[in-house]
Amino acid sequence: MQTSTTPTTALSTATKIWVKEGPLAFYKGTLTPLIGIGACVSVQFGAFHEARRRLAGWNKEYRPQRKELTLGQYYLAGATAGVANTVLSSPIEHVRIRLQTQPHGAHRLYDGPASCIRTLLRTSGLFHGLYAGSVVTLLREAQAYGVWFLTFEYLMSRELRRPNVRREDIPSWKVALYGGLAGEALWLASYPFDVVKSRMQTDEVDRSNRKYKNMRDAFKKTWAEQGARGFWKGIGPTMVRAMPVSAGTFFVVEMVMRVLG
């Protein structure tokens, strides 16, 4: 939906995919993110907590009156996690979207993730091939995870203001709820970047034939062709998916941290 040039709906798009390619088409390109999801989540939370510790240390030395990180500092820690995650997420998502949008059947361009990676590297090299769209991906990741962690920690901190409530006392259903709400905030804050990223990563593989010269050109042409609506195509299905995925992520991470102490 993000890369289509004509008006469409989620139901219409899903119906066309089912009719033309069958039910398995809804799982095209899932192997690459399935392989990389564990590494990405590890980087996200590892980088966030490292940045959080460093900011807490800075507060202790230079702002001793601060007992907790400010909202801005939570955003900064989350944005740092997003920047760190870009190294993995950019090529993983590029390969995924190439596999998802390639023609069906005998006309397909790639046999799988390895074939796609080889084609990208051979045709346009590392940065302009496999890592195409990395600048807008970095901006998306920084904004997305800045807002993601900020929203979750803000909601959790509200619970901790109640008398005699520790973090581990917060019910698991609330952890999941706050995680889900953080997921909704993530996409609302970063979706236009994601649309432009998708457009750039579905452009021609050969750099010389590409429609978009760079990120700025992609923003400019999307606005000229479709206006503000062009930056929000496909937001509905994304928001439906965001709640359970994000809720599950924060729930699992928080429960594991409680077990590990």
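The structure contained in this document is the topic of the report that follows. What you are looking at is a predicted structure, and each value in this text was computed from that prediction instead of being measured.

As a further point, take the packing of helix α6 (residues 134-160) against helix α9 (residues 235-260). Contact geometry for α6 and α9: axes closest at 13 Å, N-to-C directions at 60°. In terms of orientation, α6 and α9 fall into the oblique class. For the pair α6 and α9, the crossing hand works out as right-handed. Residue-level contacts link Trp 148, Phe 149, Phe 152 and Met 156 of α6 to Ser 246, Thr 249, Phe 250 and Glu 254 of α9.

Our next topic: the packing of aromatic side chains. The final tally for this structure, using the stated rule, is 15 aromatic pairs. Each ring, one from Phe 48 and one from Phe 149, has its centre 4.0 Å from the other, and the planes form 5°; the classification is stacked. Of the two residues, Phe 48 sits in helix α2 (residues 31-62) while Phe 149 sits in helix α6, which places them 101 residues apart along the sequence. Each member of the pair, Phe 48 together with Phe 149, is buried. Geometrically, the ring pair formed by Trp 148 and Phe 149 is edge-to-face, given 5.0 Å between the ring centres and 65° between the ring planes. Trp 148 gets classed as buried once you look at its relative accessible area, which sits at 5%. Among the aromatic side chains, those forming a connected cluster through ring pairs are Phe 45, Phe 48, Tyr 145, Trp 148, Phe 149, Phe 152 and Phe 250.

A few words on the nonpolar core. Within the largest apolar cluster, 30 residues are counted, with the highest numbers of intra-cluster contacts made by Trp 148, Phe 149, Phe 152 and Phe 250. Discounting residues that sit within four places of it in the chain, Phe 250 has contacts with Phe 45, Trp 148, Phe 149, Phe 152, Val 175, Gly 179 and Ala 182. Val 95, Leu 99, Leu 120 and Val 205 belong to the second largest nonpolar core, which has 7 residues in total.

A word on helix α4 (residues 113-124). Over its 12 residues, α4 runs 16 Å from end to end, which matches the ideal 16 Å to within 8%, given 1.5 Å per residue. Within α4 the residues assigned to the buried category are Ser 115, Cys 116, Thr 119, Leu 120 and Ser 124. Buried residues of α4 fall within an arc of 130° about the axis and therefore sit on the same side. Exposed side chains of α4 directed beyond 90 degrees from the buried face belong to Arg 118 and Arg 122. The elements touched by buried residues of α4 are α3 (71-101) and α5 (126-130). With its phi angle positive at about 85°, Gly 125 sits one or two positions after the end of α4.

The subject of this paragraph is a nonpolar patch on the surface. Together, Val 83, Phe 127, Val 135, Leu 138 and Leu 139 give the surface a local cluster of nonpolar side chains, amounting to about 400 Å² of exposed area. At 3 residues, the largest contribution of residues to the nonpolar patch is made by α6. Tracing the backbone through its elements, the reader meets Leu 138 in helix α6.

Another point: the pattern of salt bridges. One pass over the structure, following the stated rule, counts 17 salt bridges. A salt bridge links Glu 50 to Arg 53; its shortest N-O distance comes to 2.9 Å. Highlighted residues: Glu 50 and Arg 53, both in helix α2, separated by 3 residues, approximately one helical turn. In this structure, the salt-bridge partner of Arg 140 is Glu 93, at a minimum N-O distance of 2.9 Å. In this pair, Arg 140 sits in helix α6 while Glu 93 sits in helix α3, placing the two residues 47 residues apart along the sequence. Just as Arg 140 is buried, Glu 93 falls in that class too. What you see here is one network of salt bridges that share partners, running through Glu 93, Arg 96, Arg 140, Glu 141, Asp 194 and Lys 197.

The next subject is the layout of surface pockets. Roughly 300 Å³ of internal volume is contained in the second largest pocket. Among the elements that take part in the lining of the second largest pocket, α6 stands out by supplying 3 residues, more than any other. Across the lining of the second largest pocket, the residue classes break down as 8 nonpolar, 4 polar and 4 charged.

All right, on to the packing of α3 against α6 then. Look at α3 against α6: their axes get within 6 Å of each other, and the N-to-C directions meet at 140°. Relative to α6, the element α3 is oriented oblique. Pair α3 / α6 crosses with right-handed handedness. For the contact of α3 with α6, a count of residues per class yields 13 nonpolar, 10 polar and 4 charged.

Rules used throughout
- Residues numbered from 1 in each chain as written.
- Predicted model: local features only at pLDDT ≥ 70, side-chain atom pairs only at ≥ 80, totals over all residues.
- Heavy atoms only, no water.
- Axes fitted to C-alpha atoms, helices over the stretch in contact; angles between N-to-C directions.
- Helix = DSSP H or I, 4+ residues; strand = E, 2+ residues; numbered from the N terminus.
- Parallel < 35°, antiparallel > 145°, perpendicular 65-115°, else oblique.
- Left-handed = near helix turned anticlockwise from the far one by under 90°.
- Contact = heavy atoms within 4.5 Å.
- Phe/Tyr/Trp six-rings, centres within 6.5 Å; stacked < 30°, edge-to-face > 60°.
- Buried < 20%, exposed > 50% of the residue type's maximum accessible area, 1.4 Å probe, protein only.
- Core = buried A, V, L, I, M, F, W, Y, C linked by side-chain atoms within 4.5 Å.
- Expected span 1.5 Å × (residues − 1).
- Arc of directions from axis to C-beta.
- Patch = residues over 30% accessible without salt bridge, like charges linked within 9 Å, V, L, I, M, F, W, Y side chains within 5 Å.
- Areas by Shrake-Rupley, 256 points an atom, 1.4 Å probe, with all protein chains shown as cover.
- Salt bridge = Lys/Arg side-chain N within 4 Å of Asp/Glu carboxyl O.
- 1 Å grid on protein atoms, 1.4 Å probe; cavity = no way out; pocket = protein on both sides within 12 Å on 5 of 7 lines; lining within 4 Å.
- Points joined across faces, edges and corners; volume = space filled by probe spheres on them.
- Nonpolar A, V, L, I, M, F, W, Y, C, P; charged D, E, K, R; others polar.

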